[in-house]
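Analysis of the macromolecular model
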Amino acid sequence: MKAELAPRPGSVQEEPVVPPAPNGPSKPVPAGLLPDDHIFVDNVVKRFGDTLVLRGVTMHLKRHQTAVVIGGSGAGKTTLLRMLIALEKPTTGHIWVDGDDIAPLGEVELNRVRQRFGMVFQYAALLDSLTIFENVVFPLREHRKKMSRRDQRTKVLDMLKLLGLEGKEDRMPSELSGGQRKRVGLARALMLEPKILIYDEPTSGLDPITSRMVDDLIEETRDRFQVTSVVISHDMTSTMRIAHQAFLLVRGEVIASGTPDDLAYGDNEAAREFIMASGIAPDRLSRVGDEKQAGDATVKYKAM
Ligand SMILES: Nc1ncnc2c1ncn2[C@@H]1O[C@H](COP(=O)(O)OP(=O)(O)O)[C@@H](O)[C@H]1O
Ligand SMILES: [Mg+2]
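Notes on the structure in this doc start here. Keep in mind the model is a prediction, meaning the values are calculated, not measured.

Rules of the game
- Residues numbered from 1 in each chain as written.
- Chains lettered and ligands numbered in written order.
- Predicted model: local features only at pLDDT ≥ 70, side-chain atom pairs only at ≥ 80, totals over all residues.
- Helix = DSSP H or I, 4+ residues; strand = E, 2+ residues; numbered from the N terminus.
- Buried ≥ 20, exposed ≤ 12 C-beta atoms within 10 Å, placed from the backbone.
- Contact = placed C-beta atoms within 7 Å.
- Near = placed C-beta within 6 Å.
- Nonpolar A, V, L, I, M, F, W, Y, C, P; charged D, E, K, R; others polar.
- Core = buried A, V, L, I, M, F, W, Y, C linked by C-beta atoms within 7 Å.
- Pairing = 2+ DSSP bridges.
- Arc of directions from axis to C-beta.
- Axes fitted to C-alpha atoms, helices over the stretch in contact; angles between N-to-C directions.
- Parallel < 35°, antiparallel > 145°, perpendicular 65-115°, else oblique.
- Left-handed = near helix turned anticlockwise from the far one by under 90°.

The next subject is the overall build of the protein. Scanning the protein for helices and strands turns up nine helices and 10 strands. By the burial criterion, 39% of the 304 residues in the protein qualify as buried. Pairs at least 24 apart in sequence give 65% of the contacts found in the protein among residues at least 6 apart.

Here you go:
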């Protein structure tokens with residue numbers, strides 16, 4: 001019943017790797033970068049005044065996988081997320097995206113970096129007074145000003161169709177179900193064709209059936225659009241379903257990381273306690289079938 005433990009991320013390959021240098025030979029190579037790192041959070045400390053919010057966080061977020069950052073309220077999850085999408089700068093440390101250090105960049109370059117990320121906000125964060133079409137086209141109007149109105153419309157309608165929202169473009173958000181609104185938020189996040197999708201508490205406040213649909217949607221999206229997913233969550237059930245790697249953040253420190261199975265069954269007591277405190281028994285969570293691989297469209301779990 002207990003799935004075999006996979007090696008913890010970082011435990012296999014600790015040698016710094018020299019990536020190809022797309023920006024020329026002078027590009028600095030971060031020590032510790034691993035070959036499949038899409039984002040490398042490199043010993044990040046964040047301080048607001050006297051408050052130390054992140055205390056040296058290191059994470060390897062692998063390309064085309066789903067990383068879930070879990071932790072209780074006040075742990076520093078939102079702060080970490082805001083630094084990933086370059087809305088905040090680390091006090092010390094670095095964040096490498098595609099091998100580029102984004103910490104020292106100026107506003108113009110940061111704006112370009114931000115477009116590599118798509119953000120799916122908690123509760124979808126749709127503008128209630130705008131139609132579905134107007135909500136989804138918004139990033140194109142902001143960032144693709146040279147794109148014709150007709151092409152923008154085609155792109156939006158194609159995306160709505162892909163996400164099972166065909167014919168909903170003239171509806172208002174209030175006319176859609178919770179799951180549909182999530183998909184609208186996702187459609188909007190995908191408009192600029194990001195390589196990394198960040199979800200802030202995607203299943204928060206949803207019933208179990210809709211949560212499961214959202215989990216499936218996260219996995220299908222990762223597979224179909226070949227993105228790397230980063231999910232901020234305090235939903236352990238969802239984490240066990242979708243995470244290739246999970247990071248448990250407590251008071252600004254990653255105190256455990258690895259596959260969900262590592263956290264549930266490993267020797268890190270704090271991780272096991274966190275899972276027990278979430279009210280779900282680990283023995284109901286073990287995965288069925290083989291280790292998930294990036295690129296799998298379907299993820300099979302025991303019935304929850
Ligand atoms: N701009 C800020 N100024 C001062 N303190 C902040 C700021 N943003 C977050 N904090 C503090 O950092 C800690 C972590 O917050 P946050 O990242 O929102 O945690 P989480 O998302 O895990 O609930 C909290 O104690 C919060 O008060
Ligand atoms: Mg938060």
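Before going further, it helps to spend a moment on the site of ligand 1. What surrounds ligand 1 is the set Phe48, Thr51, Val53, Gly71, Ser73, Gly74, Ala75, Gly76, Lys77, Thr78 and Thr79. When contributions to the shell around ligand 1 are tallied by element, the ones reaching two or more residues are strand E2 (51–62) and helix H1 (77–84). The residue makeup of the shell around ligand 1, split by class, is three nonpolar, seven polar and one charged.

Judged by nonpolar contacts, the single largest core of 67 residues is most densely connected at Ile39, Leu84, Ile95, Ile198 and Leu248. Considering each element in turn, this core owes the most residues, five residues, to helix H5 (residues 178–190). Filtering out sequence-adjacent residues up to four positions away, isoleucine 198 remains in contact with Leu81, Leu84, Ile85, Phe117, Met119, Val120 and Val230.

Within the open sheet, the four strands sit side by side as E2-E1-E4-E5. Their pairing is antiparallel. This sheet does not close on itself; its edge strands, each paired only once, are E2 and strand E5 (100–101). For strand E1 (residues 37–48) and strand E4 (residues 92–97), the ladder comprises five bridges, and the chain directions are antiparallel. In the sheet register, valine 41 faces E4, and the bridge partner there is isoleucine 95.

What follows covers helix H9 (residues 269–277). Inspection of H9 places Ala271, Phe274 and Ile275 among the buried residues, and these make up the whole buried set. Seen end-on, H9 carries its buried residues on one side only, within an arc spanning 95 degrees. Residues of H9 that are exposed and point over 90 degrees away from its buried face: Glu269, Ala270, Glu273 and Ala277. On its buried side, H9 packs onto helix H7 (236–242), strand E9 (245–250), strand E10 (253–258) and helix H8 (260–265).

Running from N to C, helix H3 (residues 132–143) and H5 point in directions that differ by 30 degrees, and their axes come no closer than 7 Å. When the axis of H3 is compared with that of H5, the two are roughly parallel. Crossing of H3 against H5: the hand is right-handed. Counted together, Ile132, Asn135, Val136, Phe138 and Pro139 of H3 and Val184, Ala187 and Arg188 of H5 form the full contact between these two elements. Class assignment of the residues belonging to the contact of H3 with H5 gives a composition of six nonpolar, one polar and one charged.

Taken in spatial order, the six strands make up an open sheet running E6-E7-E8-E3-E9-E10, and their pairing is mixed. Only two strands of the sheet have a single partner each, and these edge strands are strand E6 (117–120) and E10. Across the sheet, the mean angle from the axis of one strand to that of its neighbour is 20 degrees, orientation sign disregarded. In this sheet, E10 lies alongside E9 in antiparallel orientation, the contact comprising five bridges.

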